[in-house]
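One letter stands for each residue in the lines below.
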Amino acid sequence: AQSVTQPDARVTVSEGASLQLRCKYSYSGTPYLFWYVQYPRQGLQLLLKYYSGDPVVQGVNGFEAEFIKSNSSFHLRKASVHWSDSAVYFCAVSAGTGYQNFYFGKGTSLTVIP
Amino acid sequence: DPKIIQKPKYLVAVTGSEKILICEQYLGHNAMYWYRQSAKKPLEFMFSYSYQKLMDNQTASSRFQPQSSKKNHLDLQITALKPDDSATYFCASSHPGEDTQYFGPGTRLLVL
């Protein structure tokens, strides 16, 4: 069965600290992996995506994620968070072509303390 | 300017009634989707449409009917509403064959 697990429902960090949000997936076939962010009262916005190549992929606003195939993981990282990074972060997996179902994790709510 | 518009933002309905959730996208995409996010559950894919034709229906009952009057519109009609239908419904769109979907802000539905 296809699924995505984000084990941390809530994460709180201080501004300037480093961040890692965890994501593990279960997917038969070659996965396309995504991180989306949802700011309050807004839609989901794409942060980054990975399909192949360098397992460390760079996204917007200084975010990056590392694909570790052996661990079925795609953790999101940021070296130094800002208060404006407070949002809900979703990890997702799909087959990568047009009409394909995205499988989402439950999301991790990040609070950055100024 | 928002590229994907969902209306209304909030909706309260009584059990047994019927509601229509509106979605319009201005990204020039030909594929559109509906997802549902219930409390404490991940977003669940419901439908995909391409060029105004249904491509996939994963989890939705027949009470949920997408309606596409224009290629940039994909409304969601829900009949015989139940309290379990309470959720946030997200519309998304993409170019067919592309890997990235773009999401609207969602409509939060509460069925009493």
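For the structure, see preceding data.
Residues numbered from 1 in each chain as written. Chains lettered and ligands numbered in written order. Predicted model: local features only at pLDDT ≥ 70, side-chain atom pairs only at ≥ 80, totals over all residues. Heavy atoms only, no water.

Colleague: Sorry if this is basic, but what is going on with the overall build of chain B here?
Modeller: A count of helices and strands for chain B gives zero helices and 11 strands. Order of helices (α) and strands (β) in chain B, N terminus to C terminus: β-β-β-β-β-β-β-β-β-β-β. In terms of C-alpha radius of gyration, chain B reaches 13 Å, essentially the compact-globule figure of 13 Å for 112 residues. With the C-alpha coordinates aligned to their principal axes, the bounding extent of chain B is approximately 40 × 30 × 30 Å. Burial statistics for chain B: of 112 residues in total, 50% are counted as buried. Within chain B, contacts between residues at least 6 apart in sequence are counted, and of these 54% link residues at least 24 apart. When the accessible surface of chain B is summed, it comes to about 5400 Å², and 51% of that surface belongs to carbon and sulfur atoms. With 13 positive and 10 negative side-chain charges, chain B shows a spacing of 5 Å between the two charge centroids. (Helix = DSSP H or I, 4+ residues; strand = E, 2+ residues; numbered from the N terminus. Rg over C-alpha atoms; globule rule 2.2 N^0.38 Å. Buried < 20%, exposed > 50% of the residue type's maximum accessible area, 1.4 Å probe, protein only. Contact = heavy atoms within 4.5 Å. Areas by Shrake-Rupley, 256 points an atom, 1.4 Å probe, with all protein chains shown as cover. Lys, Arg positive; Asp, Glu negative; His and termini not counted. Charge placed at Lys NZ, Arg CZ, Asp CG, Glu CD.)

Colleague: For this particular structure, what's the right way to read the sheet that holds strand β3 (residues 19-25) of chain B?
Modeller: Residues and elements named next belong to chain B. Taken in spatial order, the four strands make up an open sheet running β1-β3-β8-β7, and their pairing is antiparallel. Of all the strands in the sheet, just β1 (4-7) and β7 (64-67) have a single pairing partner and so form its edges. Across the sheet, the mean angle from the axis of one strand to that of its neighbour is 15 degrees, orientation sign disregarded. Summarising the sheet, β3 and strand β8 (residues 75-78) pair through three bridges and their orientation is antiparallel. Residue pairing for β8: K19 is matched across the bridge by I78. (Pairing = 2+ DSSP bridges. Axes fitted to C-alpha atoms, helices over the stretch in contact; angles between N-to-C directions.)

Colleague: What is the right way to look at the packing of aromatic side chains in this model?
Modeller: Pairs of aromatic rings are described using the distance from one ring centre to the other and the angle between the two planes. Applying the stated rule across the entire model yields 18 aromatic pairs over all chains. Considering the side-chain rings of A:Y36 and A:F104, the 5.9 Å spacing of their centres and the 50 degrees angle between planes classify their relative orientation as tilted. Here the residue A:Y36 occupies a position in strand β5 (residues 32-38), and A:F104 occupies one in strand β11 (residues 103-104), the gap between them amounting to 68 residues. Ring pairs connect the aromatic residues A:F34, A:Y36, A:F90, A:F102, A:F104, B:Y35, B:F45 and B:F103, which therefore count as one cluster. Positioned above the aromatic ring of B:F64, the side-chain terminus of B:R36 is 5.2 Å from the ring centre. (Phe/Tyr/Trp six-rings, centres within 6.5 Å; stacked < 30°, edge-to-face > 60°. Lys NZ or Arg CZ within 6 Å of the ring centre and 35° of its normal.)

Colleague: So what exactly am I meant to see when it comes to the layout of surface pockets here?
Modeller: Over the atoms rolls a probe the size of a water molecule, and in doing so it shows where empty space is left. What the largest pocket holds in volume is close to 780 Å³. Lining the largest pocket are 30 residues; nearest its centre among them are A:Q38, A:V88, B:Q37, B:T88 and B:R108. Here the lining of the largest pocket is composed, by residue class, of 11 nonpolar, 11 polar and eight charged. Broken down by secondary-structure element, the contributors of at least two residues to the lining of the second largest pocket are β6 (44-50) of chain A together with β1 and β10 (102-103) of chain B. The leading source of residues in the lining of the second largest pocket is β6(A), at three residues. Across the lining of the second largest pocket, the residue classes tally to nine nonpolar, four polar and two charged. (1 Å grid on protein atoms, 1.4 Å probe; cavity = no way out; pocket = protein on both sides within 12 Å on 5 of 7 lines; lining within 4 Å. Points joined across faces, edges and corners; volume = space filled by probe spheres on them. Nonpolar A, V, L, I, M, F, W, Y, C, P; charged D, E, K, R; others polar.)

Colleague: What exactly am I supposed to notice about the pairing of strand β12 (residues 108-113) of chain A here?
Modeller: In summary, the side chains of a regular strand alternate between the two faces of the sheet. Here five bridges tie strand β2 (residues 10-14) of chain A to β12(A), and the two strands are oriented parallel to one another. When the sheet's bridge partners are listed, A:V11 is paired in β12(A) with A:L110.

Colleague: How should I be thinking about the pattern of salt bridges in this particular structure?
Modeller: Pairing between side chains of opposite charge can happen when their charged atoms approach one another. Taken as a whole and assessed by the stated rule, the structure comprises seven salt bridges over all chains. Salt-bridge contacts for B:R36 lead to B:E44; the nearest nitrogen and oxygen are separated by 3.9 Å. Residues joined by salt bridges that share partners form a network here, namely A:E64, A:E66 and A:R77. (Salt bridge = Lys/Arg side-chain N within 4 Å of Asp/Glu carboxyl O.)

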